[in-house]
Amino acid sequence: MTWREFVYKLITQHCAKTGSQRFTLKEFQKENEIEIAGFSDVSKTPIATVRRVLQELRNAGLLVFEGGGNYVFRTQDLFVLDAGADDENLVEIVKSHPPEKREYVCEVFVRDVAWVKEAKEVFGFRCLFHQCENSFVKEDGTPYIEVHHINPLSEGGEHGIKNLSVVCAHHHRMAHYADVKTRESVKDFLMRENSKFTV
């Protein structure tokens, strides 16, 4: 078994055990410390080797790095496509771990529909990012736009026009999932844009 196959197998087992596709490098190393040490006969620096293999898996599209040591293990439907025909061993490992169904119960912050309507009336239906063309018209003929809380409700942000913006789906995902520096830049930009409408 290659290092790549070995690390892939550990990631699969780790995510199945935790029930989440997200993991941190630190928790992954701690969870698999014994296995990694036992497999490291050929490597004098097993942790460095694990990091290198995680980078290889990122390059292959099997992992997404969110920054701060956080990884997301991509869905298995994509694994087979991304692994490519040249990596038959990896494809076989993927096929041997079929996805399982899970039911999740989670808490969500309820968005106030009145504020969503108010935001669209104040900011309009175009992404606040200048010259953004990531837009389309819905079946009913209205433009599609998403309302974004600049300071998330989960972090103490409030419902209210001074904390809202309208953005396309792409910039909305960027505001939530980009690296920390980019998220902060997006937040600052949207606060400045918001103030042009709400002063």
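Residues numbered from 1 in each chain as written. Predicted model: local features only at pLDDT ≥ 70, side-chain atom pairs only at ≥ 80, totals over all residues. Heavy atoms only, no water.

### With respect to the overall build of the protein chain
On a plain count of helices and strands, the protein chain comes out with nine helices and five strands. When the helices and strands of the protein chain are listed from N to C terminus, the series reads α-β-α-α-α-β-β-α-α-α-β-β-α-α. The buried share among the 199 residues of the protein chain stands at 38%. Nonlocal contacts in the protein chain, meaning residues at least 24 apart in sequence, comprise 58% of its contacts between residues at least 6 apart. As displayed, the protein chain has an accessible area near 12900 Å², and 53% of this comes from carbon and sulfur atoms. (Helix = DSSP H or I, 4+ residues; strand = E, 2+ residues; numbered from the N terminus. Buried < 20%, exposed > 50% of the residue type's maximum accessible area, 1.4 Å probe, protein only. Contact = heavy atoms within 4.5 Å. Areas by Shrake-Rupley, 256 points an atom, 1.4 Å probe, with all protein chains shown as cover.)

### Thoughts on the pairing of strand S5 (residues 164-167)
Burial of S5 is two-sided: the residues Leu 164 and Val 166 facing one way and the residues Ser 165 and Val 167 facing the other way are all buried. Sheet analysis places strand S4 (residues 146-149) next to S5, joined by four bridges and oriented antiparallel. Paired with Glu 146 across the two strands is Val 167, which belongs to S5. (Pairing = 2+ DSSP bridges.)

### Considering the side chain of Asn 163
Mapping Asn 163 onto the fold places it in the loop between S4 and S5. Relative accessible area serves as the criterion here: at 8%, Asn 163 is assigned to the buried category. Here the side chain of Asn 163 touches Asn 151 through a polar contact of 2.8 Å, landing on its backbone nitrogen. (Polar contact = N/O pair within 3.5 Å; in protein donor to acceptor, adjacent residues only side chain to side chain.)

### Structural notes on the confidence of the model for the protein chain
Predicted confidence across the protein chain gives a mean pLDDT of 79, with 78% of residues reaching 70 or more. When mean pLDDT is compared element by element in the protein chain, S5 scores highest at 93, while helix H5 (residues 76-83) scores lowest at 39. Here residues 76-87 scores under 50 on pLDDT; set against residues more than four positions off or in separate chains, the count is 20 contacts. (pLDDT = per-residue confidence, 0-100.)

### Considerations on the sheet that holds strand S2 (residues 63-67)
The three strands are arranged S1-S3-S2 in an open sheet whose pairing can be described as antiparallel. Both outer strands of the open sheet, strand S1 (22-24) and S2, are each paired with one neighbouring strand and no more. Direction aside, the axes of adjacent strands within the sheet are offset by 30 degrees on average. Two strands pair when backbone bridges link them, and S2 and strand S3 (residues 70-73) are joined in this way by four bridges, in the antiparallel orientation. When the bridges of S3 are listed, Val 64 appears paired with Val 72. Contacting S2 and S3, helix H4 (residues 46-59) crosses the sheet at an angle of about 110 degrees to S2. (Axes fitted to C-alpha atoms, helices over the stretch in contact; angles between N-to-C directions.)

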